[in-house]
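Architecture at a glance
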Amino acid sequence: NNTNKPELDAASTALSSIASLLGVMQKSAEDAQSNSGNATTDLASMQQTAKSIQAIINSSTSNGVNLLNGSTTSVVFGLGIGDDTLTLTSVDLADASTNGFLQTATNGTTSTTNLLALTNTDVTTNIATTLTNIQAAIDKVNGYATTVGTAQSTVNMVANYAKSMAANYSDLANSITAADTATLAVKQTALQTQIQLATQAMSIANTMQQYAVKLLG
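Below, the discussion takes up the overall build of the protein. A tally of regular secondary structure across the protein gives three helices and four strands. In sequence order, the protein lays out its α and β elements as α-α-β-β-β-β-α. Every one of the 217 residues in the protein was classed for burial, and the buried ones make up 32%. Put simply, 61% of the contacts in the protein that link residues at least 6 apart link residues at least 24 apart.

Written out as structure tokens, the structure is:
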């Protein structure tokens with residue numbers, strides 16, 4: 001299995017950008033709260049930021065997988081060692097049915113705010129709720145970014161472990177080969193010595209035989 005996971009990289013990059021843009025949106029909302037005279041301008045700024053966020057979510061697809069738009073429940077990644085896998089649950093930040101978290105942002109107690117389709121009421125009458133829900137969205141995005149980061153670390157750790165094991169096996173194979181070669185060399189030397197000794201013995205035997213013939217003659 002390929003241990004490189006571009007789906008995780010795409011999600012991580014997108015989440016970082018989304019968190020930054022939510023911070024920009026939060027600043028505009030704070031400006032709207034402190035000076036309602038600029039509410040129209042602040043709303044326009046926040047709506048433009050929302051479009052950027054939506055575009056990032058839509059484009060964070062890699063290998064046909066988008067971990068941020070609710071198009072899949074979870075993704076199973078092979079880790080490159082046997083059948084080991086890692087399952088990552090996706091997050092629905094924004095989907096076509098407007099059921100994503102950024103489209104129904106809440107901290108659990110407040111009424112929801114569609115941060116991707118803000119209205120004038122969201123930056124005037126309901127500005128306090130909007131600010132609370134923007135913070136809830138930032139927390140949600142950062143939380144999932146941590147989850148994705150953990151998955152990336154796991155994939156990298158396993159990949160490095162696999163590389164280390166492969167290197168160890170290679171070193172072991174080389175050591176065994178070297179040992180076999182050395183053993184063969186020793187056996188070859190011993191055989192050559194035995195042949196030399198046998199040759200010398202035969203030579204001595206022939207000499208003794210010739211000497212015995214002379215004595216008997």
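For the rest of this paragraph, the subject is the packing of helix 1 (residues 6–34) against helix 2 (residues 39–59). Where helix 1 meets helix 2, the axes come as close as 9 Å, and the angle between the chain directions of the two elements is 170 degrees. Here helix 1 is positioned roughly antiparallel relative to helix 2, judged by the angle of their axes. Counting all contacts with helix 1, which are made through Ala14, Ser17, Ile18, Leu21, Leu22, Val24, Met25, Ser28, Ala29, Asp31 and Ala32, the residues of helix 2 involved are Asp42, Ser45, Met46, Thr49, Ala50, Ser52, Ile53, Ile56 and Ile57. Its residues placed into classes, the contact of helix 1 with helix 2 shows 13 nonpolar, five polar and two charged.

We now examine the pattern of salt bridges. Opposite charge on two side chains lets them pair, provided their charged atoms get close. This model, assessed by the stated rule, comprises one salt bridge. Among the salt bridges present, the one from Lys27 reaches Asp31, with a minimum N-O distance of 3.1 Å. Here the residue Lys27 and the residue Asp31 both occupy positions in helix 1, the gap between them amounting to four residues, near one helical turn. Overall, the relative accessible area of 47% leaves Lys27 in the partly exposed class.

Mapped onto the secondary structure, Asn66 falls in strand 2 (residues 65–66). Among the polar contacts listed, one links the side chain of Asn66 to the side chain of Thr61, at a separation of 3.1 Å. Leaving out residues up to four positions away in the same chain, Asn66 has contacts with Ile57, Asn58, Ser60, Thr61, Ser71 and Thr72.

So, about the environment of Asp42. Residue placement: Asp42 occurs in helix 2. Sequence separation between Asp42 and Asn120 is 78 residues; the distance between their C-alpha atoms is 9.6 Å. Setting aside residues up to four positions removed in sequence, Asp42 forms contacts with Ser28, Asp31, Ala32 and Asn35.

Summarising the model, the protein shows a mean pLDDT of 83, and 73% of its residues fall at 70 or more. pLDDT under 50 marks residues 208–217. Its contacts with residues more than four places away, or in other chains, come to zero contacts.

Now for unusual backbone geometry. In the Ramachandran plot, Asn63 falls in the positive-phi region, its phi being about 55 degrees despite a non-glycine side chain. Its relative accessible area of 59% is what places Asn63 among the exposed residues. Backbone geometry places Thr98, a non-glycine residue, at a positive phi of 55 degrees.

Within the largest apolar cluster, 48 residues are counted, with the highest numbers of intra-cluster contacts made by Leu22, Leu68 and Leu102. Those elements giving two or more residues to this core turn out to be helix 1, helix 2, strand 3 (74–78), strand 4 (85–89) and helix 3 (127–216). Of the residues forming this core, the biggest block, twelve residues, is contributed by helix 3. In contact with Leu22, other than residues within four places in its own chain, are Ile53, Leu102, Leu115, Ile134, Ala137, Ile138 and Val141.

To continue, consider the side chain of Gln152. Position of Gln152 relative to the elements: it lies in helix 3. Leave out the neighbours within four places in its chain, and Gln152 touches Leu8, Asp9 and Ser12.

Take the environment of Ser28 next. Among the structural elements, Ser28 can be located in helix 1. When near neighbours in sequence (up to four residues on either side) are disregarded, Ser28 contacts Asp42, Ser45 and Met46.

How each quantity is defined
- Per chain, the residues get numbers from 1 upward, laid out in the order the sequence is written.
- Totals for whole chains, interfaces and linings use all residues, but because this is a predicted model, local features are given only for residues with pLDDT of at least 70 and pairs of side-chain atoms are given and counted only at 80 or more.
- Just so you know, side-chain values use all the structure's heavy atoms and leave hydrogens and water out.
- A run of DSSP states H or I qualifies as a helix once it reaches four residues; a run of E qualifies as a strand once it reaches two. Both are numbered from the N-terminal end.
- Summary of the burial criterion: residues with accessible area below 20% of their type's maximum are buried, those above 50% are exposed, and those between are partly exposed, where the area comes from a 1.4 Å probe applied to protein chains only.
- Working rule for contacts: check all heavy atoms of both residues, and any pair within 4.5 Å makes them a contact.
- Lines are fitted to the C-alpha atoms to define the axes, a helix being fitted only along its stretch in contact, and any angle between axes, read from their N-to-C directions, falls within 0 to 180 degrees.
- Here the word oblique covers every angle except those under 35 degrees (roughly parallel), over 145 (roughly antiparallel) and from 65 to 115 (roughly perpendicular).
- Note on residue classes: Ala, Val, Leu, Ile, Met, Phe, Trp, Tyr, Cys and Pro are nonpolar, Asp, Glu, Lys and Arg are charged, and everything else, Gly too, is polar.
- For salt bridges, the criterion is a side-chain nitrogen of Lys or Arg within 4 Å of an Asp or Glu carboxyl oxygen.
- Counting of polar contacts relies on pairs of N or O atoms within 3.5 Å, with two restrictions inside protein: one atom must be capable of donating a hydrogen and the other of accepting it, and residues adjacent in sequence are counted only when both atoms are side-chain atoms.
- pLDDT is a per-residue confidence score from the predictor, ranging from 0 to 100.
- Definition used in this section: a nonpolar core is a set of buried Ala, Val, Leu, Ile, Met, Phe, Trp, Tyr and Cys residues joined via side-chain atoms within 4.5 Å.

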